[in-house]
Amino acid sequence: MKGIVFVKFNEFVEELWGEEFWDTLLDEAQLSSEGIYTTVGTYDDEELFTLIGLVVEQKNISPKDAQFAFGKWVFKELLNAAPAGAHNFKDVFEFLHAVQDFIHVEVKKLNPDALLPEFEFLSETPNTLTFLYQSPRNLCYFCEGIVHGLAEHTGQTVEVSQTECQHQGDSRCVMEVVKV
Amino acid sequence: MTLSKEELEKRVSVLERKALREKKARQLAENQLEKYSLDIYEANQSLKAALAGSEQKQLELEYLAHTSSAVASEIPLREMVSNIVDLTGEFCCARYGLFVISEEGQWLTEKTPKVWISEQGWQENNAIKEFVTDLLPVSNNDLLASWRSAEIKNNELNESAPLNSIFYTNVAWSGKKIGWLAFLSQEAELNQDLEVILNTSKEHLVSGVRRRLTDIRILQRNVQLQDSISSLEKARRQLIQSEKMASLGQLAAGVAHEINNPIAFIRSNLEVLQDYLHDYKKLTSEVQTNLTEQTTLDTSQFSEMCKKIDLDYIEEDSEDLLKSNIEGLDRVKEIVDNLKGFSHAGDEALVATSLNNCIQSALKIAGNMFKYEHKVINNISAECPPVLGNSGQLQQVFVNLFVNAAHAMEKGGVLTIDYTHIKEGVVLHIQDTGCGMDKETVNQLFTPFFTTKPVGIGTGLGLSVSYAILEAHGAQVSVDSQLNLGTTFHIKFPTID
Ligand code: HEM
């Protein structure tokens with residue numbers, strides 16, 4: 001996973017629970033990177049899962065809520081790092097298409113070692129968009145969170161749910177975004 | 001909010017660790033940046049190298065394309081090799097290049113001892129030429145499989161920048177000759193990549209030279225063939241001519257008779273005329289005597305004298321005799337003219353020709369073969385359309401056919417000459433009522449040296465020569481023959497378009 005995700009997770013945790021909490025997380029996690037993250041580096045996915053796991057344990061929240069919250073929070077951060085064209089999109093659906101067709105593509109160009117999720121759009125009406133979330137990392141809750149963050153950015157209100165989810169024993173994760 | 005000392009210490013150490021992590025992270029990031037710029041630098045370098053490589057490849061491809069198209073072109077061999085020297089010198093950045101030919105270990109002297117010079121083209125330069133030819137292993141007389149290069153010392157050449165190497169190769173030339181390509185260069189040695197390319201173009205050159213030399217050989221063979229064709233053609237003409245002379249020989253007896261006849265009657269006419277002249281002289285001297293003795297001569301006396309020698313008849317007959325003599329001489333002249341025309345070799349051009357005229361003159365020449373027991377019916381008229389032909393040769397054919405017909409009708413018979421005008425041309429029919437031929441003879445009729453005639457009569461070439469002549473006229477010959485009934489030759493001539 002790219003360093004930006006770790007750096008932002010660090011900021012997210014410190015913002016919520018303070019530097020000391022982050023310090024103890026690192027102390028407990030015993031990561032091979034020692035928590036020294038830079039946005040230009042790439043780090044083991046497991047470190048992120050370990051850190052999230054520890055937050056979940058210590059703050060007594062569900063993994064889903066943790067991922068969701070981080071996703072929702074991180075969107076604006078990702079947008080800052082996004083290629084200039086990303087700011088032109090004023091609609092959630094439009095933006096989601098652009099992520100698949102353009103934004104993640106640009107990300108991949110800059111970071112050839114990035115592993116980005118694949119979205120397969122299944123259906124679309126003016127108010128409802130469904131798409132398949134495909135990634136070996138299974139960060140579908142994180143994805144839900146990002147979509148919420150995105151809606152905040154565009155000033156729209158959406159409901160995000162999964163009609164199918166691998167965490168619920170389904171064979172795939174289908175996201176449904178409804179404008180309300 | 002005040003913190004306890006413990007809490008403060010803890011806070012400080014958290015921040016210290018954070019600061020340390022930040023510092024390390026910065027270091028990591030900086031290292032990463034350096035690594036990136038190094039990567040970029042290296043990528044740049046390898047791009048540049050790739051670009052240079054592809055430019056070189058481009059040059060190599062261009063060089064190979066140019067050399068192989070020069071080799072494949074139809075420009076003369078020497079010019080082609082000069083082109084190759086040009087292209088190769090340019091491609092290898094050589095300063096001098098040349099092409100020389102050796103035979104059995106010796107250099108052949110060139111008419112124009114030119115040398116290719118970088119940026120100047122072909123110039124005379126004996127110093128370079130000698131310098132290079134001295135370096136080449138000409139005495140080995142071996143064909144080199146690839147290019148060779150060697151270091152050289154050349155203080156004596158007075159070059160502004162030193163020449164450091166020579167590279168050369170050779171190819172099989174015509175006969176035992178060997179063609180050498182050599183270049184002088186500033187480079188210390190021939191670069192390996194370049195050598196691979198040069199060897200490829202050398203292979204092209206070798207096969208190109210071989211192809212051209214075979215082309216030249218084929219050309220020479222063609223010339224030889226052309227020569228033998230024209231000598232065959234000459235022989236054929238001679239054959240036609242000698243066959244004609246041979247048939248003249250056969251005709252000689254008849255022709256002699258033809259000439260003898262008028263000469264004989266001219267002679268006896270002259271004898272009679274001589275007698276008449278004698279009588280006439282007698283008359284004039286009698287008139288003379290009479291006039292001297294009696295000084296007068298009366299009419300009755302004179303008519304008496306005239307009557308005595310039958311002067312009226314003499315005068316009348318003399319006129320007849322002279323007329324007949326002139327006619328006789330005309331006949332002789334005509335025969336001689338015909339013979340002359342017939343024996344004349346003439347050219348072979350085909351022009352619009354009247355079959356009627358040809359048949360008539362052939363009949364004049366061969367006519368005396370037909371005696372009183374023969375009848376000749378000639379139905380050819382001036383209406384018979386002209387054909388593309390050579391009248392001398394056609395006459396020869398007809399004479400030959402008439403002589404054969406006469407021979408076939410020893411005991412007499414009828415020769416009928418006729419024609420039919422058909423869409424595609426004219427068919428002549430020459431029919432005799434002679435002894436005819438069996439199938440086998442008909443089949444062999446046009447075979448050279450086949451003859452049914454006894455030794456000494458005919459060459460056995462007559463009909464085969466006639467056949468060749470007719471073939472050259474685009475005419476088709478067919479023969480109908482029945483034993484004891486006679487033979488008809490049908491000769492179809494194409495019409496003139
Ligand atoms: C604002 C522009 C965006 C940028 C610049 C961006 C960039 C990135 C980057 C750098 C990663 C890390 C990939 C790796 O380290 O292998 C990532 C992962 C991810 N992105 Fe985006 N992203 C953007 C928008 C979005 C949006 C709108 C969505 C929601 C649909 C999204 C969904 C995800 C998910 C779910 C991952 C986690 C990796 C995974 O599931 O395999 N991204 N993105």
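Residues numbered from 1 in each chain as written. Chains lettered and ligands numbered in written order. Predicted model: local features only at pLDDT ≥ 70, side-chain atom pairs only at ≥ 80, totals over all residues. Heavy atoms only, no water.

## Some points on the overall build of chain B
For step 1, the next point in the chain: Broken down by element type, chain B carries ten helices and 14 strands.
For step 2, the next point in the chain: Every one of the 497 residues in chain B was classed for burial, and the buried ones make up 37%.
For step 3, the next point in the chain: Of the roughly 29,900 Å² that chain B leaves accessible, carbon and sulfur atoms contribute 54%. (Helix = DSSP H or I, 4+ residues; strand = E, 2+ residues; numbered from the N terminus. Buried < 20%, exposed > 50% of the residue type's maximum accessible area, 1.4 Å probe, protein only. Areas by Shrake-Rupley, 256 points an atom, 1.4 Å probe, with all protein chains shown as cover.)

## Notes on the site of the ligand
Residues and elements named next belong to chain A.
For step 1, the next point in the chain: Lining the immediate surroundings of the ligand are 26 residues, of which Lys-2, His-104, Leu-115, Tyr-133 and Ser-135 lie closest.
For step 2, the next point in the chain: Note that an oxygen atom of the ligand is positioned 2.5 Å from one of the side-chain N or O atoms of Ser-135.
For step 3, the next point in the chain: Elements that contribute at least two residues to the shell around the ligand include exactly α3 (63-81), α4 (92-110) and α5 (140-154).
For step 4, the next point in the chain: The greatest single-element share of the shell around the ligand, amounting to six residues, is contributed by α4.
For step 5, the next point in the chain: Taken together, the residues of the shell around the ligand break down into 22 nonpolar, two polar and two charged. (Near = heavy atom within 4 Å. Polar contact = N/O pair within 3.5 Å; in protein donor to acceptor, adjacent residues only side chain to side chain. Nonpolar A, V, L, I, M, F, W, Y, C, P; charged D, E, K, R; others polar.)

## Some remarks on the coordination of the iron atom of the ligand
For step 1, the next point in the chain: No protein donor other than A:His104 (NE2) coordinates the iron atom of the ligand, and that contact is at 2.3 Å.
For step 2, the next point in the chain: Mapping A:His104 onto the fold places it in helix α4. (Donors = N, O, S within 2.8 Å, 3.2 Å for Na, K, Ca; no water.)

## Section: unusual backbone geometry
For step 1, the next point in the chain: Positive phi outside glycine occurs at A:Gln30, with the angle close to 50°.
For step 2, the next point in the chain: Relative to the helices and strands, A:Gln30 is located in the loop between α1 (3-29) and α2 (45-59).
For step 3, the next point in the chain: Unlike most non-glycine residues, B:Asp310 shows phi in positive territory, near 60°.
For step 4, the next point in the chain: For B:Asp310, the position within the fold is in the loop between α5 (299-309) and α6 (311-343).

## Structural notes on the pattern of salt bridges
For step 1, the next point in the chain: Taken as a whole and assessed by the stated rule, the structure comprises 26 salt bridges over all chains.
For step 2, the next point in the chain: A salt bridge links B:Arg11 to A:Glu19, with the shortest nitrogen-to-oxygen separation between them at 3.1 Å. Taken together, the residues span two chains, with B:Arg11 in helix α1 (residues 5-72) and A:Glu19 in helix α1.
For step 3, the next point in the chain: The exposure class of A:Glu19 is partly exposed, given its relative accessible area of 22%.
For step 4, the next point in the chain: A:Asp23 is the salt-bridge partner of B:Arg17, the closest N and O atoms lying 2.4 Å from each other. In this pair, B:Arg17 sits in helix α1 while A:Asp23 sits in helix α1, so the two residues belong to two different chains.
For step 5, the next point in the chain: The exposure class of A:Asp23 is buried, given its relative accessible area of 7%.
For step 6, the next point in the chain: By sharing partners, the salt bridges in this structure join A:Lys8, A:Glu11, A:Lys76 and A:Glu77 into a single network. (Salt bridge = Lys/Arg side-chain N within 4 Å of Asp/Glu carboxyl O.)

## Digging into a nonpolar patch on the surface
For step 1, the next point in the chain: Judged by side-chain polarity, B:Leu33, B:Tyr36 and B:Ile40 come together as a nonpolar surface patch covering roughly 300 Å² of accessible area.
For step 2, the next point in the chain: Its location among the elements puts B:Tyr36 in helix α1. (Patch = residues over 30% accessible without salt bridge, like charges linked within 9 Å, V, L, I, M, F, W, Y side chains within 5 Å.)

## A short note on α1(A)
For step 1, the next point in the chain: Compared with an ideal rise of 1.5 Å per residue, which puts 27 residues at 39 Å, α1(A) spans 17 Å between its outermost C-alpha atoms and falls more than 12% short.
For step 2, the next point in the chain: Positive phi shows up at A:Gln30, right after α1(A), with a value of about 50°. (Expected span 1.5 Å × (residues − 1).)

## Concerning the sheet that holds strand β9 (residues 374-378) of chain B
Residues and elements named next belong to chain B.
For step 1, the next point in the chain: Taken in spatial order, the five strands make up an open sheet running β9-β11-β12-β14-β13, and their pairing is mixed. In this open sheet, the two edge strands, each paired with only one partner strand, are β9 and β13 (476-482). Within the sheet, the average angular offset between the axes of one strand and its neighbour, ignoring direction, is 15°.
For step 2, the next point in the chain: By the bridge criterion, five bridges tie β9 to strand β11 (residues 413-422) in an arrangement that is parallel. (Pairing = 2+ DSSP bridges. Axes fitted to C-alpha atoms, helices over the stretch in contact; angles between N-to-C directions.)

## A word on the interface of chain B and chain A
When the parts of a complex come together, some accessible area is lost, and that lost area is often taken as the interface size.
For step 1, the next point in the chain: Residue-level contacts link 13 residues of chain B with twelve residues of chain A.
For step 2, the next point in the chain: Summing both partners gives a buried area of about 1,200 Å² for chain B against chain A, and 53% of it is carried by carbon and sulfur.
For step 3, the next point in the chain: Of all residues in chain B, B:Val14, B:Lys18 and B:Arg21 give up the largest surface area on contact with chain A, accounting jointly for 42% of the area buried on that side.
For step 4, the next point in the chain: At the surface where chain B touches chain A, the tally comes to six residue pairs in polar contact (both at pLDDT 80 or more).
For step 5, the next point in the chain: The residue inventory of the side of chain B that touches chain A, partitioned by class, reads six nonpolar, one polar and six charged. (Contact = heavy atoms within 4.5 Å. Buried area = accessible area lost by both parts, 1.4 Å probe.)

## Considerations on the confidence of the model for chain B
Residue and element names in this part refer to chain B.
For step 1, the next point in the chain: Summing up the model confidence of chain B, the mean pLDDT is 85 and the portion of residues at 70 or higher is 93%.
For step 2, the next point in the chain: When mean pLDDT is compared element by element in chain B, strand β12 (residues 425-432) scores highest at 94, while helix α9 (residues 439-444) scores lowest at 79.
For step 3, the next point in the chain: With a pTM of 0.51, the predicted complex shows an ipTM of 0.85. (pLDDT = per-residue confidence, 0-100.)

## Digging into the sheet that holds strand β1 (residues 118-124) of chain A
Residue and element names in this part refer to chain A.
For step 1, the next point in the chain: Taken together, four strands build an open sheet; the order of strands is β1-β2-β4-β3 and the sheet is antiparallel. In the strand order of this sheet, the two ends are held by β1 and β3 (158-164), each with one partner. Averaged over all neighbouring strand pairs, the angle between strand axes comes to 25°, with direction disregarded.
For step 2, the next point in the chain: Summarising the sheet, β3 and strand β4 (residues 173-179) pair through six bridges and their orientation is antiparallel. Bridge pairing in β4 places Val-158 opposite Lys-179.
For step 3, the next point in the chain: Lying on the sheet, α4 is in contact with β1, β2 (128-134), β3 and β4; it crosses β1 at an angle near 145°.

## Topic: a negative patch on the surface
For step 1, the next point in the chain: Taken together, B:Asp310, B:Asp312, B:Glu315, B:Glu316, B:Glu319 and B:Asp320 make up a surface patch of like negative charges.
For step 2, the next point in the chain: By the element assignment, B:Glu319 lies in helix α6. (Lys, Arg positive; Asp, Glu negative; His and termini not counted. Charge placed at Lys NZ, Arg CZ, Asp CG, Glu CD.)

## Here we look at the pairing of β2(A)
All names here are of chain A.
For step 1, the next point in the chain: When you tally the buried positions in β2, you get five out of seven residues, the bulk of the element.
For step 2, the next point in the chain: Pairing between β1 and β2: six bridges, direction antiparallel. When the bridges of β2 are listed, Phe-121 appears paired with Phe-131.
For step 3, the next point in the chain: Hairpin connection from β1 to β2: three residues lie between these consecutive antiparallel strands.
For step 4, the next point in the chain: Across six bridges, the pairing between β2 and β4 is antiparallel.

## Description of the nonpolar core
For step 1, the next point in the chain: In this structure, A:Phe9, A:Leu51, A:Val92 and A:Val177 are the most contacted members of the largest nonpolar core, which totals 56 residues.
For step 2, the next point in the chain: Among the elements of the structure, α1, α2, α3, α4, β2, α5, β3 and β4 of chain A are those that each provide at least two residues to this core.
For step 3, the next point in the chain: Ranked by the residues each element gives to this core, the list is headed by α1(A), at twelve residues.
For step 4, the next point in the chain: Each of domain 1 (3-61) and domain 2 (67-179) of chain A accounts for three or more of the residues forming this core.
For step 5, the next point in the chain: With near-sequence residues (within four places) excluded, A:Val92 lies in contact with A:Val147, A:Leu150, A:Ala151, A:Thr154, A:Gln156, A:Val158 and A:Val177.
For step 6, the next point in the chain: B:Phe402, B:Ala405, B:Leu428 and B:Ile469 belong to the second largest nonpolar core, which has 49 residues in total. (Core = buried A, V, L, I, M, F, W, Y, C linked by side-chain atoms within 4.5 Å. Domains from an automatic or database assignment.)

## Describing helix α3 (residues 126-135) of chain B
Residue and element names in this part refer to chain B.
For step 1, the next point in the chain: Among all positions of α3, only Ile-128, Lys-129, Phe-131, Val-132 and Thr-133 are buried.
For step 2, the next point in the chain: Where α3 is buried, its residues touch β1 (96-103), β2 (106-107), β3 (114-117), β6 (165-172) and β7 (177-185).
For step 3, the next point in the chain: One side-chain oxygen at the N-terminal end of α3 lies 3.3 Å from the backbone nitrogen of Ala-127; it belongs to Asn-125.

## Considering the environment of B:Lys492
Residue and element names in this part refer to chain B.
For step 1, the next point in the chain: Note on placement: Lys-492 falls in strand β14 (residues 486-494).
For step 2, the next point in the chain: Taking the relative accessible area as the measure of exposure, Lys-492 reaches 26% and is therefore partly exposed.
For step 3, the next point in the chain: Measuring from C-alpha to C-alpha, the distance between Lys-492 and His-429 comes to 8.9 Å, with 63 residues separating the pair along the chain.
For step 4, the next point in the chain: Those residues in contact with Lys-492, other than ones at most four positions away along the chain, are Ile-422, Glu-424, Val-426, Val-427, Gly-474, Ala-475 and Gln-476.

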